[in-house]
There are 2 protein chains.
Amino acid sequence: RIRASGLKLQLCTNETQAPRAQFVRKLRRLGFDVSVAEVTAPAPAACRLLRERGLRPHLLVHHDLLPEFAEIDKTNPNCVVLGDAAENFTYANLNEAFQLLMGMEKPVLISLGQGRYYKETDGLKLDVGAYMKALEYACDVQAEVVGKPAKSFFESALAELGVPAEQAIMIGDDIVSDVGGAQRCGMRALQVRTGKFRPSDEHHPLVKPDAYVNNLAEAVDIILQQQ
Amino acid sequence: RIRASGLKLQLCTNETQAPRAQFVRKLRRLGFDVSVAEVTAPAPAACRLLRERGLRPHLLVHHDLLPEFAEIDKTNPNCVVLGDAAENFTYANLNEAFQLLMGMEKPVLISLGQGRYYKETDGLKLDVGAYMKALEYACDVQAEVVGKPAKSFFESALAELGVPAEQAIMIGDDIVSDVGGAQRCGMRALQVRTGKFRPSDEHHPLVKPDAYVNNLAEAVDIILQQQ
């Protein structure tokens, strides 16, 4: 319906356990006709940043995410890129990343998100943010976060759309990462009352969405009405 | 020489990879005649705290440390005790501790130290503090730190000696944990220029030892001279 109306569309995800291609396959199975180019995700955003600054990463990420970094020079690393590595977060692997950072004259830690945890069918799971904090403390460095709510992440989604922030609207379920991040970038933002939405979000001390909608379909209704 | 002079002596260690008995065996091999009762260490301090507050811990510690908690009720845990678990810091184990904390009405996280890293013959290793920060962030809690530089830790060493703080002197190589911790407790403190001492410690922005000594033997010389 968004596409049929002539509006442009870009999907912004913090998914870092799998490449965009896998994410797109999942959406297609669910009936959404989406292409990889329409997805803004932390791994390609990190690749852009690595290329711009001539950084060669040591990767501590989920095995399935490695294809996103296939074209990147990883010899003689001068930075560490941290993703939601899940079972790859062994003591040995975290220690290796730590030792590399401590051996750099100016340690550079790039984190593909700063989430505290996420929910899977078998319960809550520690997210990349927890391990980012561990390395920040051990190395006395501040990570550079790629992904929502980083301003640069929304800016690159806007660049891919080719529209200015004030002509774009974000729809999301996360009050801080989706709504707060987009608003700080100059966009308007709707919060859907599905997914990780919690009633307490409506009293969030810092972030207030431009409007609430009960679900994605209602968001589309409202946007199309106002066109 | 300290004992022969009639002064009392207590050893304060943040070692949490092994029980005191093992630590004492090592010192004996090096020629120091020391008993377990003369060692103040984080694990027994944590056990005291657990008993006082009726807490039943889930332990995420080094396997060798488990004997120190043999007498503690660990059924149906209502807190998490974190030590330098080294290879035990798998994603599964850290996630288990995280899930237990998230399931508690008021999560209690007790950390046997807050060190960033330590040095072994094969290089730097992540210490318990890094994992403490990971859990603090993920669970939005503040850990209670047992061990140096916690005031309660020095107070329990003083209680074992049976002397007031102003009659005790600390000797240590760590400017913050040893010297700073002891001074905040009302003791005087000497820093030895051995072990983890770094020349930059002499310009530490917050902590200034009462005196520097080149080694432990010189510390004993000075203390005995002033008696």
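As the structure is a computational prediction, the values presented were derived from the model and not from experiment.

**Q** Explain the overall build of chain A residue by residue, including any values.
**A** The number of helices and strands found in chain A is 7 helices and 11 strands. By principal-axis analysis of the C-alpha atoms, chain A measures approximately 55 × 35 × 35 Å. Expressed as a percentage of the 227 residues in chain A, the buried residues total 48%. Long-range pairs, those at least 24 residues apart, make up 56% of the contacts in chain A with a sequence separation of at least 6. Surface accessibility of chain A: about 11400 Å² in total, with carbon and sulfur atoms responsible for 51%. Counting 26 positive and 29 negative side-chain charges, chain A places the averaged centre of each group 3 Å from the other.

**Q** An account of the interface of chain A and chain B is needed here, citing residue identities and associated values.
**A** Where interface size is quoted, it is often the accessible area lost as the parts come together. Between chain A and chain B, the contact holds 30 residues from the first and 30 residues from the second. Together, the buried faces of chain A and chain B total about 2600 Å²; carbon and sulfur atoms form 65% of this surface. It is Tyr91(A), Leu126(A) and Tyr137(A) in chain A that bury the most area against chain B; as a group they hold 32% of the surface buried on that side. In this structure, the connection of chain A to chain B is made through 0 salt bridges. Here chain A and chain B share 14 residue pairs in polar contact (both at pLDDT 80 or more) between them. Of all the secondary-structure elements, those providing two or more residues to the side of chain A that touches chain B are helix 3 (91-102), strand 6 (117-120), strand 7 (123-126) and helix 4 (128-139) of chain A. With 8 residues, the single largest contributor to the side of chain A that touches chain B is helix 4 of chain A.

**Q** How would you explain the environment of Lys74(B) if you had to name every residue and give the values?
**A** All names here are of chain B. Position of Lys-74 relative to the elements: it lies in the loop between strand 3 (57-60) and strand 4 (79-82). Overall, the relative accessible area of 34% leaves Lys-74 in the partly exposed class. Along the primary structure Lys-74 and Leu-59 are separated by 15 residues, whereas in three dimensions their C-alpha atoms are 8.3 Å apart. When sequence neighbours within four positions are dropped, the list of residues in contact with Lys-74 reads Pro-57, Leu-59 and Phe-69. Side-chain polar atoms of Lys-74 contact the backbone oxygen of Phe-69, separated by 2.7 Å. In this structure the side chain of Lys-74 is engaged in a polar contact, spanning 3.0 Å, whose partner is the backbone oxygen of Ile-72.

**Q** Pulling in residues and values, what's your account of the packing of helix 3 of chain A against helix 4 of chain A?
**A** How two helices sit against one another is set out by the angle between their axes and by the gap between those axes. Residues and elements named next belong to chain A. Across the interface, helix 3 lies against helix 4 with an axial gap of 10 Å and an inter-helix angle of 40°. Considering the angle they form, helix 3 stands oblique to helix 4. For the crossing formed where helix 3 meets helix 4, the hand is right-handed. Between helix 3, through Leu-94, Ala-97, Phe-98, Leu-101 and Met-102, and helix 4, the contact on the second element is made entirely by Tyr-131, Leu-135, Ala-138 and Cys-139. Looking at the contact of helix 3 with helix 4 residue by residue, the classes come out as 9 nonpolar, no polar and no charged.

**Q** Let's hear about the packing of aromatic side chains: which residues, and what values?
**A** Each aromatic ring pair is specified by the distance between its two centres and by the angle formed by the two planes. Under the counting rule described, the total for this entry stands at 10 aromatic pairs over all chains. Centre to centre, the rings of Phe153(A) and Phe154(A) are 6.4 Å apart; their planes meet at 80°, and the pair counts as edge-to-face. Site record: aromatic cluster; members linked through ring pairs are Phe89(A), Tyr131(A) and Tyr91(B).

**Q** Describe in detail the pattern of salt bridges, supporting the description with residues and values.
**A** Note that side chains of opposite charge can pair when their charged atoms are close. Scanning all chains against the criterion turns up 22 salt bridges over all chains. Residue Arg193(A) is joined to Glu202(A) by a salt bridge in which the shortest nitrogen-to-oxygen separation is 2.6 Å. Judged by its relative accessible area of 32%, Glu202(A) falls in the partly exposed class. Taking the shortest distance from any N to any O, the salt bridge between Lys133(B) and Glu136(B) comes out at 3.8 Å.

**Q** Give me the sheet that holds strand 11 (residues 211-213) of chain B: which residues, what numbers.
**A** All names here are of chain B. In space, the 3 strands of this open sheet follow the order 9-10-11, with parallel pairing throughout. Of all strands in the sheet, those bounded by a partner on one side alone are strand 9 (169-172) and strand 11. Strand after strand, the sheet turns through a mean of 25° between neighbouring axes, direction not considered. Contacting strand 9 and strand 10 (188-192), helix 6 (residues 175-184) crosses the sheet at an angle of about 165° to strand 10.

**Q** Can you explain the relation of the copies chain A and chain B? Please cite residues and give values.
**A** Its rotation angle being 180°, the transformation that places chain A on chain B also includes 0.0 Å of axial translation and leaves an RMSD of 0.0 Å. Both copies of the chain, as the preceding transformation shows, are related through a two-fold rotation axis. The residues that chain A uses at the interface reappear at the interface of chain B in 100% of cases, marking a shared surface.

Rules behind the numbers
Residues numbered from 1 in each chain as written. Chains lettered and ligands numbered in written order. Predicted model: local features only at pLDDT ≥ 70, side-chain atom pairs only at ≥ 80, totals over all residues. Heavy atoms only, no water. Helix = DSSP H or I, 4+ residues; strand = E, 2+ residues; numbered from the N terminus. Buried < 20%, exposed > 50% of the residue type's maximum accessible area, 1.4 Å probe, protein only. Contact = heavy atoms within 4.5 Å. Areas by Shrake-Rupley, 256 points an atom, 1.4 Å probe, with all protein chains shown as cover. Lys, Arg positive; Asp, Glu negative; His and termini not counted. Charge placed at Lys NZ, Arg CZ, Asp CG, Glu CD. Buried area = accessible area lost by both parts, 1.4 Å probe. Salt bridge = Lys/Arg side-chain N within 4 Å of Asp/Glu carboxyl O. Polar contact = N/O pair within 3.5 Å; in protein donor to acceptor, adjacent residues only side chain to side chain. Axes fitted to C-alpha atoms, helices over the stretch in contact; angles between N-to-C directions. Parallel < 35°, antiparallel > 145°, perpendicular 65-115°, else oblique. Left-handed = near helix turned anticlockwise from the far one by under 90°. Nonpolar A, V, L, I, M, F, W, Y, C, P; charged D, E, K, R; others polar. Phe/Tyr/Trp six-rings, centres within 6.5 Å; stacked < 30°, edge-to-face > 60°. Pairing = 2+ DSSP bridges. Least-squares fit on C-alpha atoms with pLDDT ≥ 70 in both.

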